[in-house]
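Close look at the chain arrangement
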Protein chains: 2
Amino acid sequence: MVDIFLPNGRESHLEVSEQILNVANKLFAERGYEGTSLSAIADEVGIRKPSLLYHYSSKDTLRQAVLARLMEHWQSVLPRILEAATSGDDRFESLVGEVVNFFAEDLDRARLLYREILDRPEELRDQMRAFLSPWLTILADYIRNGKQDGSVRPDIDPEAYILSVIQMIVGGLATNNVFGALFDGTDAPIERQAAELTRIARASLFTSEYLAKRYT
Amino acid sequence: MVDIFLPNGRESHLEVSEQILNVANKLFAERGYEGTSLSAIADEVGIRKPSLLYHYSSKDTLRQAVLARLMEHWQSVLPRILEAATSGDDRFESLVGEVVNFFAEDLDRARLLYREILDRPEELRDQMRAFLSPWLTILADYIRNGKQDGSVRPDIDPEAYILSVIQMIVGGLATNNVFGALFDGTDAPIERQAAELTRIARASLFTSEYLAKRYT
DNA sequence: CCTACCGATCGGTAGG
DNA sequence: CCTACCGATCGGTAGG
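Residues numbered from 1 in each chain as written. Chains lettered and ligands numbered in written order. Predicted model: local features only at pLDDT ≥ 70, side-chain atom pairs only at ≥ 80, totals over all residues. Heavy atoms only, no water.

A word on the overall build of chain A. A tally of regular secondary structure across chain A gives 11 helices and 2 strands. Its helices and strands taken in sequence order, chain A reads β-β-α-α-α-α-α-α-α-α-α-α-α from the N to the C terminus. Based on the C-alpha atoms only, the size of chain A along its principal axes is roughly 65 × 40 × 30 Å. Counting across all 216 residues of chain A, residues that qualify as buried make up 52%. Taking the contacts inside chain A whose residues are at least 6 apart along the sequence as the reference set, 62% of them involve residues at least 24 apart. A total of about 9,900 Å² of accessible surface is found on chain A, and carbon and sulfur atoms cover 52% of it. Across chain A, 24 positive and 33 negative side-chain charges occur, with their mean positions spaced 3 Å apart. (Helix = DSSP H or I, 4+ residues; strand = E, 2+ residues; numbered from the N terminus. Buried < 20%, exposed > 50% of the residue type's maximum accessible area, 1.4 Å probe, protein only. Contact = heavy atoms within 4.5 Å. Areas by Shrake-Rupley, 256 points an atom, 1.4 Å probe, with all protein chains shown as cover. Lys, Arg positive; Asp, Glu negative; His and termini not counted. Charge placed at Lys NZ, Arg CZ, Asp CG, Glu CD.)

Here is the structure:
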């Protein structure tokens with residue numbers, strides 16, 4: 001824990017093990033796990049590969065640490081997200097907005113998560129179950145209640161809807177630099193895509209009667 | 001071009017270069033480009049690595065050939081898709097259905113495409129522009145017309161909507177084995193997810209007035 | 001935190 | 001289509 005200028009030019013006031021985590025997160029997201037060497041990570045941190053292996057005893061250990069930190073971060077914002085979903089005036093916008101913000105504020109989160117899903121589906125399926133199931137159930141029940149009182153469309157498939165919307169948000173942001181580049185203009189495609197994602201999620205959830213009452 | 005039993009047990013009646021393409025497509029989709037060695041591909045085909053390099057002079061050449069074949073295949077079904085989009089009675093279902101079918105009939109297509117987008121965004125952005133722009137323009141105009149006659153929701157962002165739906169379909173199918181496993185039951189999650197994706201796309205596009213007239 | 005080093009595997013070539 | 005082989009790089013270890 002020293003304040004020095006690193007070879008890469010950035011001043012550091014972070015523990016080395018945390019710097020390693022940050023660099024690994026970035027490179028794994030950009031180039032993938034198999035496409036990133038331990039030397040490349042060590043270089044960008046400003047240490048040698050054996051020094052890296054002192055902090056994380058293997059490449060797989062480092063990968064798990066990066067993924068675990070993402071999941072912990074996600075869990076730390078979960079209470080706020082769930083509160084947004086079940087109270088307040090514009091709860092739907094708040095809910096989707098919180099999820100969008102979490103991934104939009106660091107697109108590498110979306111890219112890393114998507115890569116892990118493609119690389120290790122069995123492991124991620126278990127992780128997603130652990131970190132998503134609690135509020136998947138809550139939200140699905142919430143949607144079913146909405147069907148009863150007529151605010152939610154009757155032909156919706158609650159679980160499939162929620163998972164599709166999550167996937168649409170994460171995937172849409174992870175691929176924003178490709179799909180967003182197909183827009184006419186060249187300006188601010190993230191906000192534009194995020195806005196349309198929110199609109200799609202809202203319009204496909206609520207009945208027009210409810211929307212007319214709420215949003216006019 | 002001989003009919004023999006390969007070491008891997010599958011009878012072959014394909015040109016070797018086509019077998020290589022098939023195996024490479026599968027392994028690139030499953031493990032990624034960096035996670036797949038030329039030896040692994042050659043082994044599964046039943047030849048040696050230098051023989052593979054006779055057909056494709058480098059690993060990158062092979063990657064480009066795999067991607068090119070996917071794009072050509074996509075272009076070959078494009079006319080049918082565009083026809084479905086602009087004629088017939090239930091044109092919307094046909095359009096989305098064709099896109100869903102293309103990727104659902106071989107999930108490795110979706111996985112490969114998504115991996116390429118993450119691995120090489122600049123290259124894929126150009127490819128997507130070439131293979132998507134022609135009908136992105138057509139469909140966007142079509143949606144704008146729908147705004148005029150009241151069949152399409154006025155607050156839609158045509159380009160962002162189309163690209164979001166494409167991403168939702170490709171991403172939803174590429175990650176189906178992970179997200180689909182979170183459903184209650186264990187049966188047929190692809191059809192269930194595909195059905196909900198179609199519903200979301202439809203409900204977020206049309207006005208309720210138009211849907212009431214069309215689907216009752 | 002480092003230097004020095006390990007066996008294994010990588011993409012690719014020579015030559016037939 | 002093969003065997004034999006190349007330099008480079010991989011993840012990881014020994015030892016300080």
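Another point: the domain arrangement of chain A. Residue and element names in this part refer to chain A. Considered domain by domain, chain A is made up of domain 1 (4-55) and domain 2 (69-214). Once you take the C-alpha centre of each, domain 1 and domain 2 turn out to be 31 Å apart. Listed by partner, the interface residues are 11 residues for domain 1 and 7 residues for domain 2. Where domain 1 abuts domain 2, roughly 780 Å² becomes buried across the two surfaces, and 47% of that area is made up of carbon and sulfur atoms. Contact with domain 2 buries area across many residues of domain 1, yet Asn25, Ala29 and Tyr33 alone supply 55% of it, more than any other trio. Our enumeration of links across domain 1 and domain 2 arrives at 0 salt bridges. Where domain 1 touches domain 2, the interface holds 4 residue pairs in polar contact (both at pLDDT 80 or more). (Domains from an automatic or database assignment. Buried area = accessible area lost by both parts, 1.4 Å probe. Salt bridge = Lys/Arg side-chain N within 4 Å of Asp/Glu carboxyl O. Polar contact = N/O pair within 3.5 Å; in protein donor to acceptor, adjacent residues only side chain to side chain.)

To continue, consider the relation of the copies chain A and chain B. Taken as rigid bodies, chain A and chain B are interconverted by a rotation of 180° and an axial shift of 0.0 Å, the fit giving an RMSD of 0.0 Å. Viewed as a symmetry operation, the transformation between the two copies matches a two-fold axis. When the interface residues of chain A are mapped onto chain B, 100% of them again lie at the interface, so the same face is used by both copies. (Least-squares fit on C-alpha atoms with pLDDT ≥ 70 in both.)

Residue and element names in this part refer to chain A. Applying the stated criterion to the full structure yields 15 aromatic pairs over all chains. Plain terms: the ring middles of Phe102 and Phe103 are 4.9 Å apart, the flat faces sit at 90° to each other, and that makes the pair edge-to-face. Each residue in the set Trp74, Phe102, Phe103 and Trp135 is aromatic and connected to the rest through ring pairs, giving one cluster. For Arg109, the ring lying beneath its charged end belongs to Phe102, and the centroid distance is 4.5 Å. (Phe/Tyr/Trp six-rings, centres within 6.5 Å; stacked < 30°, edge-to-face > 60°. Lys NZ or Arg CZ within 6 Å of the ring centre and 35° of its normal.)

We now examine the nonpolar core. In this structure, Ile41(A), Leu62(A), Trp74(A), Ile41(B), Leu62(B) and Trp74(B) are the most contacted members of the largest nonpolar core, which totals 144 residues. Every residue in contact with Leu62(B), bar those within four places of it in the chain, is listed here: Ile20(B), Leu21(B), Ala24(B), Phe28(B), Leu38(B), Ile41(B), Leu52(B) and Tyr56(B). (Core = buried A, V, L, I, M, F, W, Y, C linked by side-chain atoms within 4.5 Å.)

In this section: helix H5 (residues 91-104) of chain B. All names here are of chain B. A rise of 1.5 Å per residue sets the reference length of H5, with its 14 residues, at 20 Å; its end C-alpha atoms lie 19 Å apart and thus fit the reference within 8%. Residues of H5 that are buried include every one of Phe92, Leu95, Val96, Glu98, Val99, Val100, Phe102 and Phe103, and no others. On its buried face, H5 sits against helix H4 (59-86), helix H6 (107-119), helix H7 (121-149), helix H8 (158-174) and helix H10 (189-203). (Expected span 1.5 Å × (residues − 1).)

Now for the protein's contact with DNA strand C. By nearness alone, 14 residues border DNA strand C, and Val16(A), Arg48(A), Ser51(A), Lys49(B) and Lys59(B) come closest of all. Put simply, 53% of the atoms of DNA strand C that lie within 4 Å of the protein are in sugar or phosphate. A distance of 2.2 Å separates a phosphate oxygen of DNA strand C from a polar side-chain atom of Ser51(A). Grouping the amino acids of the surface near DNA strand C by side-chain chemistry returns 6 nonpolar, 5 polar and 3 charged. (Near = heavy atom within 4 Å. Nonpolar A, V, L, I, M, F, W, Y, C, P; charged D, E, K, R; others polar.)

The full set close to DNA strand D counts 14 residues, and Lys49(A), Lys59(A), Val16(B), Arg48(B) and Ser51(B) are the nearest of them. Backbone sugar and phosphate groups make up 53% of those atoms of DNA strand D lying within 4 Å of the protein. For DNA strand D, a phosphate oxygen lies 3.2 Å from a polar atom in the side chain of Ser37(A). With respect to DNA strand D, the side chain of Lys49(A) contributes an N or O atom lying 2.7 Å from a base nitrogen. Contributions of two or more residues to the surface near DNA strand D are made by helix H3 (49-55) of chain A together with helix H3 (49-55) of chain B.

Let's shift gears to the pattern of salt bridges. Scanning the model with the defined rule gives 35 salt bridges over all chains in all. With a closest N to O distance of 3.1 Å, Arg63(A) and Glu116(A) form a salt bridge. In this pair, Arg63(A) sits in helix H4 (residues 59-86) while Glu116(A) sits in helix H6 (residues 107-119), placing the two residues 53 residues apart along the sequence. Its relative accessible area of 5% is what places Glu116(A) among the buried residues. Among the ionic contacts, a cluster of salt bridges with common partners joins Asp60(A), Arg63(A), Glu116(A), Asp119(A), Arg120(A), Glu123(A) and Arg115(B).

Glancing now at the side chain of Thr198(B). Residue and element names in this part refer to chain B. Among the secondary structure elements, Thr198 is positioned in helix H10. Under the relative-accessibility criterion, Thr198 is labelled buried at 17%. Every residue in contact with Thr198, bar those within four places of it in the chain, is listed here: Phe92 and Val96.

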